[in-house]
Amino acid sequence: MDKILADRTAKIDASGIRKVFALAAQLKDPVDFSIGQPDFDVPEQLKDEAIKAIREGFNKYSQTAGDVILRERISELVKKEIGSSYGSGLPGYGTLCRDERRDEWENPAVLVTSGVSGGLLLAFLATVNPGDEVIIPDPYFVIYKHVVNLLGGKCVFVDSYPKFSLPVEKIAEAITNKTKLIILNSPCNPTGVVYSEDSIKALAEIAAEKDVLVLTDEIYEKFCYDGKCTSIASYYDKALILRGFSKPYAMTGWRLGYAAAHQSLKPVIEEMTKIQQYTFVCAPTPFQKAAMAALDYDVSDFVSAYRRKRDLLYEGLKDKFELIKPGGAFYAFVKAPGKSATEFVEKAIKNNVLIIPGNVFSEKDTHFRISYATSDSKIQQGVEILRRLC
Ligand SMILES: Cc1ncc(COP(=O)(O)O)c(C=O)c1O
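Bear in mind the structure is a predicted one, so any value in this text is a computation, not a measurement. (Residues numbered from 1 in each chain as written. Predicted model: local features only at pLDDT ≥ 70, side-chain atom pairs only at ≥ 80, totals over all residues. Heavy atoms only, no water.)

Q: Could you give me a rundown of the overall build of the protein chain, with the residues and numbers involved?
A: Looking only at helices and strands, the protein chain features 13 helices and 12 strands. The C-alpha atoms of the protein chain give a radius of gyration of 21 Å, which matches the 21 Å a tight globule of 390 residues would have. Its C-alpha atoms put the protein chain at 60 × 55 × 55 Å along the principal axes. Of the contacts formed within the protein chain by residues at least 6 apart in sequence, a portion of 78% connects residues at least 24 apart. Surface summary for the protein chain: the accessible area is close to 17200 Å², and the carbon and sulfur share equals 51%. With 50 positive and 51 negative side-chain charges, the protein chain shows a spacing of 5 Å between the two charge centroids. (Helix = DSSP H or I, 4+ residues; strand = E, 2+ residues; numbered from the N terminus. Rg over C-alpha atoms; globule rule 2.2 N^0.38 Å. Contact = heavy atoms within 4.5 Å. Areas by Shrake-Rupley, 256 points an atom, 1.4 Å probe, with all protein chains shown as cover. Lys, Arg positive; Asp, Glu negative; His and termini not counted. Charge placed at Lys NZ, Arg CZ, Asp CG, Glu CD.)

Q: Can you break down the sheet that holds strand β7 (residues 239-244) residue by residue, with the values?
A: Ordered by their spatial adjacency, 7 strands build an open sheet running β2-β8-β7-β6-β5-β3-β4, and the pairing between neighbours is mixed. Unpaired on one side and paired on the other, β2 (109-113) and β4 (154-159) mark the two borders of the sheet. Between one strand axis and the next, the sheet turns by 20 degrees as a mean value, whatever way the strands run. Where β7 and strand β8 (residues 257-261) come together, 4 bridges link them in antiparallel fashion. Paired with Gly244 across the two strands is Gly257, which belongs to β8. Along the sheet face, helix α3 (residues 68-83) touches β2, β7 and β8 and points at about 125 degrees away from the line of β2. The sheet strands contacting helix α9 (residues 266-278) are β2, β7 and β8, and the helix crosses β2 at an angle near 25 degrees. (Pairing = 2+ DSSP bridges. Axes fitted to C-alpha atoms, helices over the stretch in contact; angles between N-to-C directions.)

Q: So, the sheet that holds strand β12 (residues 367-371): which residues are in play, and what are the values?
A: With antiparallel pairing, the 3 strands of this open sheet are ordered in space as β9-β12-β11. Each end of this open sheet is capped by a strand with a single partner; those strands are β9 (331-335) and β11 (356-357). Inspection of the sheet shows β9 paired to β12 by 5 bridges, in the antiparallel sense. What sits directly across from Ala332, in β12, is Ile370.

Q: Provide a residue-level description of the packing of aromatic side chains, including the pertinent values.
A: For any two aromatic rings, the description comes down to two numbers: the centre-to-centre distance and the angle of the planes. Enumeration over the complete set of coordinates arrives at 20 aromatic pairs. Where Phe141 meets Tyr144, the ring centres are 5.6 Å apart and the plane angle is 80 degrees; that geometry is what we call edge-to-face. Pairing Phe333 with Phe361 gives two aromatic rings, centres 6.4 Å apart and planes at 85 degrees, and the pair type is edge-to-face. Pair noted here: Phe333 is in strand β9 and Phe361 is in the loop between β11 and β12, with a separation of 28 residues, a long-range link. When sorted by exposure, Phe333 lands in the same class as Phe361, which is buried. Ring-pair connections join several aromatic residues into one group, and the members of that group are Phe40, Tyr220, Phe223, Phe302, Tyr306, Phe330 and Tyr331. Between Lys289 and the ring centre of Phe58, over which it is positioned, the NZ or CZ distance is 4.3 Å. Over the ring of Tyr161 we find Lys364, and its NZ or CZ is 4.3 Å from the ring centre. (Phe/Tyr/Trp six-rings, centres within 6.5 Å; stacked < 30°, edge-to-face > 60°. Buried < 20%, exposed > 50% of the residue type's maximum accessible area, 1.4 Å probe, protein only. Lys NZ or Arg CZ within 6 Å of the ring centre and 35° of its normal.)

Here you go:
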């Protein structure tokens, strides 16, 4: 087989999650805290839009960069959300957000991608050379590490334990002349932590000083429970924004997302578009039509429901386990009792609760991830079982 497989396949490893799924296959009606997707279905109105698009014949390739109208809509949205707040409240951050740059938010560069995963692959392909360093706060979303490794890049993990706030100083210390990218993911998978506005401004200042590109994965930006989530793009031009439709509208199987950036990063978006031409070709066309309606769809009821689930889980576990109250997404990252999180996870699975060991998302094996994107009754059931195992 060695002759057949490319060497890069040995650089990635899927064993962590595979083990959980193998154990899970033996369970009947488990409490499933493992799945990173909403438990609600795509809103009927958006399904109707997708069906209508298929019936009306939007079944062929779209432009590589995405449907023109959808791109315009995304561009308007980004301009409104990022461009209008660009540089606001920045006394002391004089190197950032120069006035002449503000106008360039009038026309952000946009590419519609096949999910944020598609956007991540294109972004890494467009920026990371073998040997380049990519700074990643640990714990992290799994894709970053594996794709960077596949491309021969070097992941530089920066520990954010135990509070999981943005480790600004450690990131500053980790920057070298080989640093190509800093990854930000807020709200964060797996911790659920939302980075404070001050820490994001401080990182923007450092990235600007060192002139490093920041990739900001904002897939959970709508799931913010205790105030707003700040985008670093509001303070720093060299920030590549990746956002998606999978999580807020429960369309994980529709494979839609977008990359957007300030005009000064247009060459990066153009290179990503060029690579899309030879890989994904385009994001799924009928769903791009439905995505236009999604942009107008109010998800506040879903967000309120998930805030309540967050509270249910946090209140249920906080006196027995060490955990930081999640401010967004639908995850909690909980310290496992004992020395090995993997052992605790195996015990939980034997007791019908599916959780994921922290070493899938981290260089450490001390915590486990709970996804509380499930029914309230399953959350209560799972909390009771975990409390018993503690
Ligand atoms: C942080 C983060 N980024 C990106 C993705 C990929 O999402 P998708 O490709 O479905 O848009 C996920 C999915 O779980 C995620 O948690």
